[in-house]
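Close look at the chain arrangement
The chain contents come next:
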Amino acid sequence: MAASRILILSGSGRHGDPWHPFARTSALIAETLAGLDDVTIEVDDDADARLQHLDGIDLLVLNLGDASRPDAEPAPADPEGAERRRTAAAAFTAAGGALLVVHAGSSSLGEIPPLTARMPARWLRPDAWHPEFGTMTAAPTAAGEGHPVTAGLGPVTTQDESYRGMTRHPAAVALLEHREDGAHPIVLALEQAALEQAALEPAAPEGAGPRSIADLLGHDERSYASAARRALLVREAEWLLRRR
């Protein structure tokens, strides 16, 4: 069996921002996922170019920022490239490719509907926000207690931000939540069966439908210092690659 191919898109240029050290966190994501058997991992910080070619990618990891924010670099004047990105994303989804959206990745790629439609949660202005960075614990929800990603994992404590006011996909299932001033989903999962039930997109062949996770942790290196956070990332990848 061929190794699973994982592509990590790392924020830079118009897909970067002043707040997130994407190069360093992408390296930590790659280092963590390298512990999986039979995977090849590619990290690319030229999202505009790489998103035009997704053939053979089994898991796409979005660790990049919001290119639509007012102070971002302008998009390249390349309508053909933009169309190739949308076409490649649609083909990736149709082929059953899995999507892992990490932290600020939930604000990214608004110009590529085939990907944003699959995000379990999105950071959209002006509703999304977060309290100050600090120690936080994300505990399993009732659904998370029995889900393959989080069953038996227990609470995840790390140094990070607790995203709030997210726009949630109607079929997304919250697996972990931060319980402070209410319950705030931190890890959400979405899979083909739920998409079909919600009649949000055409059904894929049995066993080939896409899976997606929004993992809203991962602001900077301090998040990945937590062993529980790293274990969560591995479990997410295993489920997305249908190994769990």
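Described in the following lines is the structure provided in the data block. (Residues numbered from 1 in each chain as written. Predicted model: local features only at pLDDT ≥ 70, side-chain atom pairs only at ≥ 80, totals over all residues. Heavy atoms only, no water.)

A look at the packing of aromatic side chains
Pairs of aromatic rings are described using the distance from one ring centre to the other and the angle between the two planes. We apply this condition: Stacked, tilted and edge-to-face pairs are distinguished by plane angle, under 30 degrees for stacked and over 60 for edge-to-face with tilted covering the rest, among Phe, Tyr and Trp rings (Trp via its six-membered ring) whose centres lie within 6.5 Å. Comment: elements are numbered from the N terminus, with helices defined as DSSP H or I runs of at least four residues and strands as E runs of at least two. The classification of residues rests on relative accessible area computed with a 1.4 Å probe and restricted to protein chains. Under 20% of the type maximum is buried, over 50% is exposed, and intermediate values are partly exposed. For a ring to carry a charge above it, either NZ of a lysine or CZ of an arginine must fall within 6 Å of the ring centroid while also lying within 35 degrees of the normal to the ring plane.
Summed over all chains, the structure comprises one aromatic pair. Centroid distance Trp-123 to Tyr-163: 4.6 Å. Interplanar angle 55°. Geometry classified as tilted. Here Trp-123 is found in the loop between strand S5 (121-122) and strand S6 (134-140), whereas its partner Tyr-163 is found in the loop between strand S7 (156-160) and strand S8 (167-168), with 40 residues between them in sequence. Residue classification places Tyr-163 among the buried positions, given a relative accessible area of 4%. Arg-222 extends its terminal NZ or CZ atom over the ring of Phe-133, reaching a point 3.9 Å from the ring centre.

Re the pattern of salt bridges
Rules: In the sections that follow, a salt bridge refers to a side-chain nitrogen of Lys or Arg positioned within 4 Å of a carboxyl oxygen of Asp or Glu.
Counting across every chain of the model gives 14 salt bridges. Here Glu-238 ties to Arg-244 by a salt bridge, and the two come within 2.9 Å at their closest N and O atoms. Among the ionic contacts, a cluster of salt bridges with common partners joins Arg-14, Asp-48, Arg-85 and Glu-111.

Considering the sheet that holds strand S2 (residues 39-44)
What counts is decided by this rule: Any two strands with at least two DSSP-identified bridges between them are counted as paired. Orientation is described by axes fitted as lines to C-alpha atoms, over the contacting stretch for helices, and by angles from 0 to 180 degrees between their N-to-C directions.
Read across the sheet, nine strands follow the order S2-S1-S3-S4-S11-S10-S9-S6-S7 without closing on themselves; strand pairing throughout is mixed. Only two strands of the sheet have a single partner each, and these edge strands are S2 and S7. Each neighbouring strand pair of the sheet contributes to a mean axis angle of 20°, computed without reference to strand direction. Bridge count for strand S1 (residues 4-10) against strand S3 (residues 59-63) is five bridges, and the pairing is parallel.

A word on the environment of Gln-192
Summarising the element assignment, Gln-192 is placed in helix H6 (residues 192-197). Separated by 74 residues in sequence, Gln-192 and Arg-118 have C-alpha atoms that sit 9.8 Å apart.

Re the nonpolar core
Rules: Buried Ala, Val, Leu, Ile, Met, Phe, Trp, Tyr and Cys residues that are joined via side-chain atoms within 4.5 Å together make up what is termed a nonpolar core. Whether two residues are in contact is decided by their heavy atoms: any pair within 4.5 Å suffices.
Core analysis: the biggest nonpolar cluster contains 31 residues, and Ile-6, Ile-29, Leu-59, Val-61, Leu-100 and Ile-213 have the highest contact counts within it. For this core, the secondary structure elements donating two or more residues are S1, helix H1 (22-33), S3, strand S4 (98-102), S6, strand S9 (173-179), strand S10 (183-191) and helix H8 (227-240). The leading source of residues in this core is H8, at five residues. Among all residues touching Ile-29, those that are not within four sequence positions of it are Ile-8, Val-61, Asn-63, Val-102, Tyr-224 and Leu-233. With 30 residues, the next largest nonpolar core counts Leu-7, Leu-51, Met-119 and Leu-188 among its residues.

Quick notes on the layout of surface pockets
For the record, the criterion: Within this scheme a cavity is a closed region of a 1 Å grid, computed over the protein atoms alone, that accommodates a 1.4 Å probe without allowing it to escape, whereas a pocket is open but has protein on both sides within 12 Å along at least five of seven lines; lining residues each have an atom within 4 Å of a point. Grid points are joined across faces, edges and corners, and a volume is the space filled by probe spheres set on the points. Side-chain classes follow a simple rule in which Ala, Val, Leu, Ile, Met, Phe, Trp, Tyr, Cys and Pro form the nonpolar group, Asp, Glu, Lys and Arg form the charged group, and the remainder, Gly included, forms the polar group.
As a volume, the largest pocket reaches approximately 270 Å³. Lining the largest pocket are 13 residues, and of these Asp-17, Trp-19, His-20, Ser-107 and Trp-123 sit closest to its centre. Classifying every residue of the lining of the largest pocket by side-chain character gives four nonpolar, four polar and five charged.

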